[in-house]
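So you can see what is in the structure, the chains are spelled out below.
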Amino acid sequence: MLTDYIVENLHNITDSLGVEDSVFMYNQWCREAEQGNSYALLYIGLSKFIGYGCDKDIKNAITWFEQSAEHDNEIAQYILGVCYDRSIGIEQNYDKAMELCYQAAMKGIPEAQYDYSVYCANSNNMKECNEWLYKAVCQDYAPAQYNWAIVLSRSPTTINDATIWLEEAATQNFVKAQLFLANQVYTSPNKKWQDIPKAIGILEKLCERNNPIAQYSLGVLYSRGIGVDMNETVAIGLVEQSAEQGYAPALADLGKVYYEGTSLFDPNYDKAMELLLKAEKQGFALAQLYIGMMYEQGFGVKKSMYQANKWYRKANKQGVNKQSFQQYQQQQNQRHLDYIEENY
């Protein structure tokens, strides 16, 4: 993320100047830095960080960021704060990181305002957290808009406003917001069927970018015929693409498909176990339950109630057992939204 931020800043600078010669620009900034120009000092640091017009040297980049920050440059303060926070080229120091982040936030850097809101949240100062978060929201910073929507969604009186901010973040191609919006459409008990094509459009665009959550979600729609013609071949193909990228719900669902078989192919217990074990390594309870069932029935493995009960206990610790299985399946849509929130 920090590298992306630095690259974007350099591209913005060079595009505005209309100069493509990186060595020329680097040398120009070196001359300007001798005069104490805070932005020249910053640009040298950015260049050193990614090797633009010079050799890449992150530790040396830090010294340039420090000089620029001492000249009160807000971008340098923000970048240096991130480096202190994540121990990038410098020893980790949370207090210093928070101080620099605050300085940049006070000067209106939306990324810093958002990060400072996180610091406040971690300190259980939710009033100040929300104040800084909203400052970043007002500057159209997509991650802040997404998190502001999450805050608003917790109250029935502001849930409609939450959707508005989710849509704002989604229009900026913030993937988390796009996924949440799309999945919210078909998981809501009060789903509006006219919104389904919108959700499908979002998911299809994300699938073009090989997003595993979108592939899985769109596969679910095709498997159920929600907003599209039911197509088992397309559904399984999409879930397979997602599973190939290690997305746990896709691995578990695909394992279930191979365990039960479909109209397209007979059960394949070896393949089912392979997929379920991969999902189980990520702690996915449904996979644990199915592994237990395979051991109980002796499908693809030696029949063993000892092994079956071991896997059932694992699943039961997460509130999943054979008795609650139907209810669990009904809750899978919400679990999918929770998975997006927690893991993506």
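Now for a description of the structure that goes with this document. (Residues numbered from 1 in each chain as written. Predicted model: local features only at pLDDT ≥ 70, side-chain atom pairs only at ≥ 80, totals over all residues. Heavy atoms only, no water.)

1. Here we look at the overall build of the chain
Part 1 of the reasoning: The helix and strand inventory of the chain stands at 19 helices and zero strands.
Part 2 of the reasoning: Residues counted as buried form 47% of the 344 residues belonging to the chain.
Part 3 of the reasoning: Considering only contacts in the chain between residues 6 or more positions apart, those separated by 24 or more positions represent 50%. (Helix = DSSP H or I, 4+ residues; strand = E, 2+ residues; numbered from the N terminus. Buried < 20%, exposed > 50% of the residue type's maximum accessible area, 1.4 Å probe, protein only. Contact = heavy atoms within 4.5 Å.)

2. Regarding the nonpolar core
Part 1 of the reasoning: Membership of the largest hydrophobic core comes to 53 residues, with the highest contact counts inside it found for L179, L203, L218, L254, F284 and Y295.
Part 2 of the reasoning: Put simply, the parts of the chain that give this core at least two residues each are α11 (175-187), α12 (196-208), α13 (212-224), α14 (232-244), α15 (248-260), α16 (269-280), α17 (285-297) and α18 (305-316).
Part 3 of the reasoning: Tallying contributions element by element places α17 first for this core, with nine residues.
Part 4 of the reasoning: Leaving out residues up to four positions away in the same chain, L203 has contacts with L179, A182, A214, S217, L218 and L221. (Core = buried A, V, L, I, M, F, W, Y, C linked by side-chain atoms within 4.5 Å.)

3. Remarks on the pattern of salt bridges
Part 1 of the reasoning: Taken as a whole and assessed by the stated rule, the structure comprises five salt bridges.
Part 2 of the reasoning: The residue D72 makes a salt bridge to K107 at a minimum N-O spacing of 3.2 Å. Here K107 lies in the loop between α6 (94-106) and α7 (110-122) and D72 lies in the loop between α4 (58-70) and α5 (74-86), a separation of 35 residues in the sequence.
Part 3 of the reasoning: Under the relative-accessibility criterion, K107 is labelled partly exposed at 35%. (Salt bridge = Lys/Arg side-chain N within 4 Å of Asp/Glu carboxyl O.)

4. What to know about unusual backbone geometry
Part 1 of the reasoning: Unusually for a residue other than glycine, S87 sits at a positive phi of about 55°.
Part 2 of the reasoning: For N210, which is not glycine, the phi dihedral falls at a positive 65°.

5. Regarding the packing of helix α3 (residues 38-50) against α4
Part 1 of the reasoning: Close contact between α3 and α4 brings their axes to 8 Å; oriented N to C, the two are set at 165°. Judged on the interaxial angle alone, α4 and α3 are roughly antiparallel. Judged by the sense of rotation from one axis to the other, the crossing of α3 with α4 is left-handed. Contacts between α3 and α4 involve S38, L41, L42, I44, G45, L46, K48 and F49 from the first element and I58, N60, A61, W64, F65, Q67 and S68 from the second. (Axes fitted to C-alpha atoms, helices over the stretch in contact; angles between N-to-C directions. Parallel < 35°, antiparallel > 145°, perpendicular 65-115°, else oblique. Left-handed = near helix turned anticlockwise from the far one by under 90°.)

6. Observations regarding the side chain of Q113
Part 1 of the reasoning: Within the element layout of this structure, Q113 appears in helix α7.
Part 2 of the reasoning: For Q113, the side chain forms a polar contact with the main-chain nitrogen of A136, separated by 3.5 Å.
Part 3 of the reasoning: Residue contacts for Q113: discarding those within four places in its chain leaves A105, G108, W132, K135, A136 and Q139. (Polar contact = N/O pair within 3.5 Å; in protein donor to acceptor, adjacent residues only side chain to side chain.)

7. Remarks on the side chain of E74
Part 1 of the reasoning: Checked against the element boundaries, E74 lands in helix α5.
Part 2 of the reasoning: Buried and without a salt bridge, E74 has K107 as its closest oppositely charged side chain, separated by 6.0 Å.
Part 3 of the reasoning: Residues in contact with E74, not counting those within four places in the same chain, are Y39, A104, K107 and I109. (Lys, Arg positive; Asp, Glu negative; His and termini not counted.)

8. Concerning the environment of K48
Part 1 of the reasoning: Its location among the elements puts K48 in helix α3.
Part 2 of the reasoning: Given the relative accessible area of 15%, K48 is considered buried.
Part 3 of the reasoning: Spatially, the C-alpha atoms of K48 and A61 are 5.0 Å apart, while their sequence positions differ by 13 residues.
Part 4 of the reasoning: Those residues in contact with K48, other than ones at most four positions away along the chain, are Y26, C54, D55, K56, D57, I58, N60, A61 and W64.

9. Structural notes on α13
Part 1 of the reasoning: Given a rise of 1.5 Å per residue, 13 residues ought to cover 18 Å, and the 19 Å separating the end C-alpha atoms of α13 matches this to within 8%.
Part 2 of the reasoning: Where burial is concerned, most of α13 is hidden: 11 out of the 13 residues are buried.
Part 3 of the reasoning: Inspection of α13 places P212, I213, A214, Q215, Y216, S217, L218, G219, V220, L221 and Y222 among the buried residues, and these make up the whole buried set.
Part 4 of the reasoning: Measuring from the side-chain oxygen of the N-cap residue of α13 to the backbone nitrogen of I213 gives 3.0 Å; that N-cap residue is N211. (Expected span 1.5 Å × (residues − 1).)

10. Considering the packing of aromatic side chains
Part 1 of the reasoning: In total, this model carries 18 aromatic pairs according to the counting rule given.
Part 2 of the reasoning: Measuring from centroid to centroid gives 6.0 Å for Y102 and W132, while their planes differ by 75°, and the two rings are edge-to-face. Note that Y102 is positioned in helix α6 and W132 in helix α8 (residues 126-137), a separation of 30 residues in sequence.
Part 3 of the reasoning: Note on Y102: relative accessible area 34%, which makes it partly exposed.
Part 4 of the reasoning: An angle of 45° between the planes, with centres 5.2 Å apart, marks the rings of Y134 and W148 as tilted. Taken as a pair, Y134 in helix α8 and W148 in helix α9 (residues 142-152) lie far apart in primary sequence, 14 residues in all.
Part 5 of the reasoning: Judged by its relative accessible area of 39%, Y134 falls in the partly exposed class.
Part 6 of the reasoning: Note on W148: relative accessible area 14%, which makes it buried. (Phe/Tyr/Trp six-rings, centres within 6.5 Å; stacked < 30°, edge-to-face > 60°.)

11. Focus: the environment of L181
Part 1 of the reasoning: When you line up the elements, L181 lands in helix α11.
Part 2 of the reasoning: For the pair L181 and L166, spaced 15 residues apart in sequence, the C-alpha to C-alpha distance is 6.9 Å.
Part 3 of the reasoning: Contacts of L181, omitting those with residues within four sequence positions, involve T163, L166, E167 and A170.

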